[in-house]
Amino acid sequence: MNFITRLRKFPFWSWLWFIIGALYFILPLLATFEFSLSWDPANPLKAYQRAFEDNRFWNSFMYSNVLALATIVVSIILIVPTAYWIRLRLPQARRIVEFITLMPFVVPAIILVFGLIRIYSTPFSIPFTDVVFMQPLTNFKMGTNILIVGGYVVLAMPYMYRSVDTGMRTVDIRTLTEASQSLGANWFVIITRVILPNIRAALLSGALLTFAIVVGEVTLASFLGVNAFGPYLFLLGQHRAYEPAALSFVSFLLTWLAMGLIQLVTGGQGQAAGTH
Amino acid sequence: MTHLALKNVSKHFGNFTAVRDFNLDVNKGEFVSFLGPSGCGKTTTLRMIAGFEIPSSGEITINGADITNKSPNQRNVGMVFQSYALFPNMTVAQNIGFGLQVRKEKEADVKDRVAEMLSIISLESKADSYPYQLSGGQMQRVALARALAIRPEVLLLDEPLSALDAKIRVSLRGEIRSIQQKLGITAIYVTHDQEEALSLSDRIVVMNIGEMEQIGTPFEIYNFPTTVFTANFVGTLNTTSGEVLDPLKGLVTVDGVQFESASDIKSKRKGDKVRVAIRPERFNFVSQEKKANILDCTIESINFLGSIVRIQVKIGNTKFFVDTFNNPFLDLPNIGAKDQVTCSKEAVLVLDE
Ligand SMILES: Nc1ncnc2c1ncn2[C@@H]1O[C@H](COP(=O)(O)OP(=O)(O)OP(=O)(O)O)[C@@H](O)[C@H]1O
Ligand SMILES: [Mg+2]
């Protein structure tokens, strides 16, 4: 099927809503972009030059990207098997799990971060003894990284779980599982070769949302004292006018670029399966 | 030689008994159908053979080896689902080769086997298509090939044709049967379509509310049903209640009208209540030839059903269907006319109430 015939199949109203939605999304972006160009009429890119010259930008941005990737990987490892098992064997548990995944909407991030700090800033000791077998996570860099990724996994959970669960609804995973089992496949093969490829689109959208949340997150990052992109942008915004606008716009483009790359890498036959 | 055996297999879901004390021996290469109404436990029985359900009690063996508690991926049992269950992310060839790859067979062997299966189902040209590019009938053929590629001990099919339209259903069922015979594979086929069961099977298991009602060849099931349920479920049938008149001579009465039957009712006594069952096609109008039973009747209604004409007649106070083959020269009686029908002793089945 070529692009034109595919276009013709689209009904008018779908397009209308799509365009309205897109405008809602794109207009603020355009406004930001325009503003970022207006620092020096002689050199429209001045804001960008200044922003990129700053090493703190690159460091914090890369750091946030790594955090986002780690969050996505941990989320997938955690959530895909859980959602799968609930659909397959524990439909009764569905409501409870859905409720749990909604917690980040109910409990603000600020409470989450204070809880995390409170619990993990004391050393882990064997109960009733003074034997310490692990320093507080907040006391060393890797520990803080673990802590913040853990927090982000929680924050991203509603989006990730919902995407994955919806993806699993659109393919009949129960029958596909049984078909694979009768062909001799074990659980690992079923999840990696049958389930994951068939919810690729859902995973991608979950990953995209997670990415957006993590890269822009301020509360957790600043209270845990890490040099992430969110706090950096926030700080910059308090002192400068044009550079934050330029950076916001650039970070958007980069995020989209990253997603486009993922789409390309995982695409190919996924395209065919996706249209099913 | 018994290949697959179920011994006293039962399955309970909580308090509910889905399958009760099921016994079955299937020979190597035999095609056995489970036939019965919705909810009678056909799928549950099949799923126990596949390993997706574990029997509450009883034993399942293949070649004498107990597989009752083996997990589904250890059983080497092929399964074809009503919804095809092809992997949407894989091509036809990848779908068919999946089971062999999982078994870590050599690349070249997988390729050969896939080609062989594709030629068996005559879909060589679709090897690189994705499932969504196939018709329902093609998808089910691929699913069949995928199940057979692993050379399973037993092939299980759960209403594989019920999502397809009538024409394809008939042609594909013929194809399934000929592939099964060619490969000599033992097959269990679940259906609630009696025509499918009758036309495909070596033997049919008629099931009712979790129990085996009768087992036999299609010929036996159709012509000699042993229970009212089987008689009613398979084919069209006139059934009515009657009374034993003379057990030794095989005489029964239906509302005062006397019928002579070949069924063995010697163990019954005069006055016992029974069911009398006669297939509509076993009646003739007397003008053709006379048989043991000659009965006065009144023509009630006439229905064309394509190749046959179904005439409802009243014998005494009881209505019966009489089928005759349709042809342009048929001399149809008038509604309300008095006539006579005849049927042989063998046509009159006397069953327990
Ligand atoms: N997992 C389950 N839990 C509880 N009851 C079940 C379960 N699976 C099946 N049953 C019940 O067992 C009975 C038999 O179901 P089964 O699916 O075997 O019927 P069937 O003969 O295949 O019917 P159909 O022709 O509609 O497919 C049904 O009453 C069904 O409700
Ligand atoms: Mg069923």
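As the structure is a computational prediction, the values presented were derived from the model and not from experiment. (Residues numbered from 1 in each chain as written. Chains lettered and ligands numbered in written order. Predicted model: local features only at pLDDT ≥ 70, side-chain atom pairs only at ≥ 80, totals over all residues. Heavy atoms only, no water.)

Notes on the layout of surface pockets
All names here are of chain A. The calculated volume of the second largest pocket comes to roughly 330 Å³. If you trace the second largest pocket, you find 14 residues lining it, with Ala212, Ser251, Phe252, Thr255 and Trp256 closest to the centre. When residues of the lining of the second largest pocket are assigned to their parent elements, the largest contribution, six residues, is made by helix H10 (residues 200-216). The class makeup of the residues in the lining of the second largest pocket is ten nonpolar, four polar and no charged. (1 Å grid on protein atoms, 1.4 Å probe; cavity = no way out; pocket = protein on both sides within 12 Å on 5 of 7 lines; lining within 4 Å. Points joined across faces, edges and corners; volume = space filled by probe spheres on them. Helix = DSSP H or I, 4+ residues; strand = E, 2+ residues; numbered from the N terminus. Nonpolar A, V, L, I, M, F, W, Y, C, P; charged D, E, K, R; others polar.)

Observations regarding the domain arrangement of chain B
All names here are of chain B. Each domain of chain B was delimited in the assignment, giving domain 1 (2-232) and domain 2 (237-352). The gap between the C-alpha centroids of domain 1 and domain 2 is 39 Å. Taken together, the nine residues of domain 1 in the interface contact eight residues of domain 2. Between domain 1 and domain 2 the total buried area reaches about 720 Å² when both faces are included, carbon and sulfur atoms providing 54% of it. In terms of surface lost to domain 2, no three residues of domain 1 exceed Tyr222, Val228 and Ala231, which account for 59% of the buried area on that side. (Domains from an automatic or database assignment. Contact = heavy atoms within 4.5 Å. Buried area = accessible area lost by both parts, 1.4 Å probe.)

Overview of the environment of B:Gln340
Residue and element names in this part refer to chain B. Within the element layout of this structure, Gln340 appears in strand S19 (residues 338-343). Separated by 220 residues in sequence, Gln340 and Ile120 place their C-alpha atoms 54 Å apart. With sequence-adjacent residues up to four places away left out, Gln340 is seen in contact with Asn284, Phe285, Val286, Ile294, Leu295, Asp296 and Cys297.

Some words on the sheet that holds strand S12 (residues 251-254) of chain B
Residues and elements named next belong to chain B. Strands sit in the order S13-S12-S11-S14-S20 across an open sheet of five strands; the sheet is antiparallel. Each of the sheet's edge strands pairs with one partner strand only, and the pair in question is strand S13 (257-260) and strand S20 (349-352). Averaged over all pairs of adjacent strands, the angle between strand axes in this sheet comes to 45°, irrespective of strand direction. Across three bridges, strand S11 (residues 238-246) lies against S12 in antiparallel orientation. (Pairing = 2+ DSSP bridges. Axes fitted to C-alpha atoms, helices over the stretch in contact; angles between N-to-C directions.)

Some words on the site of ligand 1
Residue and element names in this part refer to chain B. Near ligand 1, the surroundings consist of 13 residues, among which Ser38, Gly39, Lys42, Thr43 and Thr44 are the closest. Within the side chain of Thr43, a nitrogen or oxygen atom sits 2.5 Å from an oxygen atom of ligand 1. Measuring from an oxygen atom of ligand 1, one finds a side-chain N or O atom of Thr44 at 2.6 Å. For ligand 1, whose free accessible area comes to 640 Å², the fraction covered by protein is 60%. Listed by contribution, the elements that provide at least two residues to the shell around ligand 1 are strand S2 (16-27) and helix H1 (42-50). (Near = heavy atom within 4 Å. Polar contact = N/O pair within 3.5 Å; in protein donor to acceptor, adjacent residues only side chain to side chain. Areas by Shrake-Rupley, 256 points an atom, 1.4 Å probe, with all protein chains shown as cover.)

Description of the confidence of the model for chain A
Residue and element names in this part refer to chain A. The share of residues in chain A with pLDDT of 70 or more is 89%, and the mean pLDDT across the chain is 83. In the model of chain A, helix H14 (residues 269-274) stands out as the element of lowest mean pLDDT, 40, in contrast to helix H8 (residues 173-182), which has the highest, 94. For residues 268-276, every residue scores under 50 in pLDDT, and the model assigns this stretch 14 contacts once sequence neighbours within four places are set aside. (pLDDT = per-residue confidence, 0-100.)

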